[in-house]
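Observations on the model geometry
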Amino acid sequence: MTTWAQLLLDIRTDLQDTSSNPKWSDQALYVFAKDAIRDYSLYFPRRISRHPLVLSGDGYELPADFISAVDVECPKDRFLEVRRTRPGNRYFSTGQPTIYYIYGGRLYLNGAPLDGAEVLLTYDARHVVPAAPDDGTTILTIPELDEELIRLYVKAKATEQLRTQQASLDRFKPGSGKRDDNPLFQEAGAVMQEYRTKIAERMTGGTITLWRPGRLP
């Protein structure tokens, strides 16, 4: 797997910014890369299986990298149904939980687990993000095939930053007349569009469930 230090070097190579006096600092590229990883994770998240949740007050704290729930078990191999809010419905607490819902960064059950029963969450998660710009040994979880997408996103953000700096020049400032000849304006948009296009190319079709499936015992 690729480390953050290796990806950072690839990003600088892609930006042609490998000189001893680089245009972009490690901090700036780190911020862009964090945004890229988080955006990529919305389309292609990690799958974390059976993560045990810890009760905090009346709910269970969700993991920091949580995106969306896939399954909730309590106890293991006993799957709970997600609560589907409908107008006029009333919800009651039961003995052993059968339903869960998520609100405000916590997961709630409609009952109390039996003694010793764990609440296990299978969920889609954000990919690993380095803790700091110099945390080069962090091993990334993005497939090597998709590292190009991270580089494209970073390149688009870096180009956009350059465009903003160029726009501060007198010839692009308000009052200097109508100016639409900033060459970086189109380039930044084109790179981000390429990123979105490649995301779409990697996504496969899905199915729409027209009934609520039951679970086998």
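Topic: the nonpolar core
Among the nonpolar cores identified, the biggest contains 28 residues, and Trp4, Ile11, Leu29, Tyr40, Ile150, Val154 and Tyr195 are the most heavily contacted of them. Among the secondary structure elements, those contributing two or more residues to this core are helix H1 (4-14), helix H2 (26-43), helix H3 (147-167) and helix H4 (183-202). Ignoring any residue separated from it by four or fewer positions in sequence, one finds leucine 29 in contact with Trp4, Leu8, Ile11, Arg12, Leu15, Trp24 and Val154. Judged by nonpolar contacts, the second largest core, of 13 residues, contains Leu53, Cys74, Tyr100 and Tyr123.

Describing the packing of H1 against H2
Any two packed helices are characterised by how steeply their axes cross, that is the angle between the axes, and by the distance between the axes. With their axes 11 Å apart at the nearest point, H1 and H2 run at an angle of 100 degrees to one another. Here H1 lies roughly perpendicular to H2, going by the angle between them. Contacts between H1 and H2 involve Trp4, Leu8, Ile11 and Arg12 from the first element and Asp26, Leu29, Tyr30 and Ala33 from the second. A class-by-class count of the residues in the contact of H1 with H2 yields six nonpolar, no polar and two charged.

Description of the packing of aromatic side chains
Taken as a whole and judged by the stated rule, the model has five aromatic pairs. Plain terms: the ring middles of phenylalanine 66 and tyrosine 123 are 5.8 Å apart, the flat faces sit at 35 degrees to each other, and that makes the pair tilted. Of this pair, phenylalanine 66 sits in strand S4 (residues 66-73) while tyrosine 123 sits in strand S8 (residues 120-125), and the two are 57 residues apart along the sequence. On the basis of relative accessible area, tyrosine 123 is assigned to the buried category, the value being 3%. An angle of 20 degrees between the planes, with centres 5.2 Å apart, marks the rings of tyrosine 101 and tyrosine 108 as stacked. Here tyrosine 101 falls in the partly exposed class, since its relative accessible area comes to 27%. Residue classification places tyrosine 108 among the buried positions, given a relative accessible area of 15%. Across the ring face of tyrosine 101, the terminal group of arginine 83 is positioned such that the distance to the ring centre comes to 4.0 Å.

Regarding the sheet that holds strand S1 (residues 46-52)
Pairing is antiparallel across the open sheet formed by three strands, whose spatial order is S1-S8-S4. Of all strands in the sheet, those with a lone pairing partner are S1 and S4, marking the two edges. Taking the axes of each pair of neighbouring strands and ignoring which way they run, one obtains an average angle of 25 degrees across the sheet. The pairing of S1 with S8 spans five bridges and is classified as antiparallel. Within S8, the residue paired with arginine 47 across the bridge is aspartate 124.

Rules of the game
- Residues numbered from 1 in each chain as written.
- Predicted model: local features only at pLDDT ≥ 70, side-chain atom pairs only at ≥ 80, totals over all residues.
- Heavy atoms only, no water.
- Core = buried A, V, L, I, M, F, W, Y, C linked by side-chain atoms within 4.5 Å.
- Buried < 20%, exposed > 50% of the residue type's maximum accessible area, 1.4 Å probe, protein only.
- Helix = DSSP H or I, 4+ residues; strand = E, 2+ residues; numbered from the N terminus.
- Contact = heavy atoms within 4.5 Å.
- Axes fitted to C-alpha atoms, helices over the stretch in contact; angles between N-to-C directions.
- Parallel < 35°, antiparallel > 145°, perpendicular 65-115°, else oblique.
- Nonpolar A, V, L, I, M, F, W, Y, C, P; charged D, E, K, R; others polar.
- Phe/Tyr/Trp six-rings, centres within 6.5 Å; stacked < 30°, edge-to-face > 60°.
- Lys NZ or Arg CZ within 6 Å of the ring centre and 35° of its normal.
- Pairing = 2+ DSSP bridges.

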